[in-house]
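# Close look at the chain arrangement
Residues per chain, in single letters:
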Amino acid sequence: MKQTTNETIWQVRNSFLGIYVHFPYCFKKCDYCDFYSEGIGSGPANDEMSLFSSYQKEVLERISHFPNLKNKTIDTVFFGGGTPSKATTKLWENFLHFLRSEFEFAKDTEISIEVNPEDLNPNLLDEYAKIGINRVNVGVQTRNPIGLEFLGRHYDKEKYDSLRSTLTNSPIKRVGIDLMYGIPGLQESDFFSDLTYFLEAGLPHLSLYSLTLEKGTQYSRDVKDHKKTEPEERTQSEILLTLPELMGRNGYRWYEVSNYAKPGFESKHNLKYWTYEPYLGIGPGAHGFVEGSRYGNPRNANLYQKKPPKNQYEVATPNAELALTLFRLFSPFQYLDFIQTYLDTPSQTHYIQTIHKWEKQGLCSLSDGVFQWEREALLLLDDLILEITN
């Protein structure tokens, strides 16, 4: 990345590696969630020790298959799920020690963990800070009990009421939350009430998502059976168009379709997905991208622990993948840098012709090899991305 006086400009970075670790257990599986996870109630998972041992085995297996990984510097680690805050902190500490013994870490490595409100408390944040975790993201979704019930989420009123205080007094300063809009049964005002509540806290990172209907989820089955209604698309479009200006007035930069951050507080790990950087995906249901190849692990914790992951890799196709990732960014990036690094000559020509057409249509701006979407492209984004892949 290159810092200007006004904004960070994203550029090609291949000497760094991210690590994503998937912890698959939750208090309760949310109805809308299509990530691999299993609800196990309030207690700890009975296979925690075995699962973390399998994480280490997989890391060593990936290194043996890609020895050049040892030459890269780890600059992001992300513990996701599921609900990784359900796991014993000591196990995360031991796993971080293991990673440091296998890889060189950057001085400013971002180490993130996802936390659900039912687990959040000052003592937990203190524990995380002591073991080196320096970024926390909380899956709030909404503070409205009606909305939480619709989503099939566990709701602990006391925890939700103390969220803002706990996060503003956190020893970890890189904190963020997820909020969701377009939930049937809620009004626009309900979402903006939630958003204002957290904007007043000055949290440095806000992920603002629309509720989506994903195949295979309980929510999609309930819609099919006419037990629940589909997301409120008109409401979602109205909110989506309102957010960039609103967030900008409050000091946040819009750097990806659904993500806003105060300057310097972007999620470095998630940016890897959008800027085509390599990362290891460790754990059941995790996906990785290493040396131009992608892989995915089985969505089964029991199977993952019994059998080592297969060395099955699929070569990535940069022509399609760059469009689907890089062009979701709404902050500026060096498009010529990316295109010339990853694409063959015919694909470069097609990309550049399409991008110049967008500029003439007023959908993007170009300057010295730097691309940035205009807000007018927002609702057309999926169609525009298809244009550049065809």
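Residues numbered from 1 in each chain as written. Predicted model: local features only at pLDDT ≥ 70, side-chain atom pairs only at ≥ 80, totals over all residues. Heavy atoms only, no water.

## What to know about the domain arrangement of the chain
Segmentation of the chain into domains returns domain 1 (16–273) and domain 2 (318–389). Taken residue by residue, the interface counts 12 residues in domain 1 and 9 residues in domain 2. When domain 1 packs against domain 2, close to 1000 Å² is buried across both sides, 68% of that on carbon and sulfur atoms. Ranking the residues of domain 1 by area buried against domain 2 places Leu 241, Trp 254 and Val 257 at the top, with a combined share of 49%. Joining domain 1 to domain 2, the criterion identifies 1 salt bridge. The salt bridge involving Arg 328 is made with Glu 256; its shortest N-O contact spans 2.5 Å. There are 4 residue pairs in polar contact (both at pLDDT 80 or more) connecting domain 1 and domain 2. If you tally residues by element for the side of domain 1 that touches domain 2, the top one is helix α8 (residues 233–249), at 5 residues. Each residue belonging to the side of domain 1 that touches domain 2 can be placed in one class, and the counts come to 8 nonpolar, 2 polar and 2 charged. (Domains from an automatic or database assignment. Contact = heavy atoms within 4.5 Å. Buried area = accessible area lost by both parts, 1.4 Å probe. Salt bridge = Lys/Arg side-chain N within 4 Å of Asp/Glu carboxyl O. Polar contact = N/O pair within 3.5 Å; in protein donor to acceptor, adjacent residues only side chain to side chain. Helix = DSSP H or I, 4+ residues; strand = E, 2+ residues; numbered from the N terminus. Nonpolar A, V, L, I, M, F, W, Y, C, P; charged D, E, K, R; others polar.)

## With respect to the nonpolar core
In terms of nonpolar packing, the biggest core is built from 107 residues, with Phe 103, Leu 195, Phe 327 and Trp 373 touching the most fellow members. Residues lining this core come from more than one domain, with at least three contributed by each of domain 1 (16–273) and domain 2 (318–389). In terms of nonpolar packing, the next biggest core, distinct from the first, is built from 11 residues, Met 180, Leu 186, Leu 211 and Tyr 219 among them. (Core = buried A, V, L, I, M, F, W, Y, C linked by side-chain atoms within 4.5 Å. Buried < 20%, exposed > 50% of the residue type's maximum accessible area, 1.4 Å probe, protein only.)

## Some words on unusual backbone geometry
For the bond from Gly 81 to Gly 82, the omega torsion is 25 degrees, close enough to zero to count as cis. With respect to the helices and strands, the residue Gly 82 is situated in the loop between β6 (73–81) and α2 (89–102). Notably, Asp 368 is not glycine yet its phi reads approximately 55 degrees, a positive angle.

## Comments concerning the pairing of strand β11 (residues 253–256)
Taken together, the 3 bridges between β11 and strand β12 (residues 259–261) define a ladder with antiparallel strand orientation. Each residue of the ladder has a partner; that of Arg 253, found in β12, is Ala 261. In sequence, β11 turns back onto β12 through a hairpin of 2 residues. (Pairing = 2+ DSSP bridges.)

## Observations concerning the pattern of salt bridges
Tallied over the entire structure, the rule returns 19 salt bridges. In this structure, Glu 200 engages Arg 164 in a salt bridge whose closest nitrogen and oxygen atoms are separated by 3.2 Å. Of the two residues, Glu 200 sits in the loop between α6 (188–199) and β10 (205–210) while Arg 164 sits in helix α5 (residues 157–168), which places them 36 residues apart along the sequence. Of the residues examined, Arg 164 reaches a relative accessible area of 26% and is grouped as partly exposed. Taken together, the salt bridges that share partners define one network made up of Arg 13, Asp 75, Lys 272 and Glu 277.

## Re the packing of helix α13 (residues 345–360) against helix α14 (residues 381–389)
Contact geometry of α13 with α14 gives a least axis separation of 9 Å together with a crossing angle of 145 degrees. On α14, the residues that touch His 350, Tyr 351, Thr 354, Ile 355, Lys 357 and Trp 358 of α13 are Leu 384, Glu 387, Ile 388 and Thr 389. (Axes fitted to C-alpha atoms, helices over the stretch in contact; angles between N-to-C directions.)

## Quick look at the packing of aromatic side chains
A complete count under the given rule lists 37 aromatic pairs for this structure. Between the aromatic rings of Phe 150 and Tyr 219, the centroid separation amounts to 5.5 Å while the plane-to-plane angle is 75 degrees, which identifies the pairing as edge-to-face. Note that Phe 150 is positioned in helix α4 (residues 145–151) and Tyr 219 in helix α7 (residues 218–224), a separation of 69 residues in sequence. The pair formed by Phe 150 and Tyr 219 is uniform in burial state, with each residue classed as buried. Aromatic ring contacts, followed pair by pair, group Trp 254, Tyr 260, Phe 327, Phe 330, Phe 333, Tyr 335, Phe 338, Tyr 351, Trp 358, Phe 371 and Trp 373 into a single cluster. When the ring centre of Tyr 197 is taken as origin, the NZ or CZ atom of Arg 143, which lies over that ring, is 3.6 Å away. In this structure, Arg 294 is placed above the aromatic ring of Phe 289, and the distance from its NZ or CZ to the ring centre is 4.1 Å. (Phe/Tyr/Trp six-rings, centres within 6.5 Å; stacked < 30°, edge-to-face > 60°. Lys NZ or Arg CZ within 6 Å of the ring centre and 35° of its normal.)

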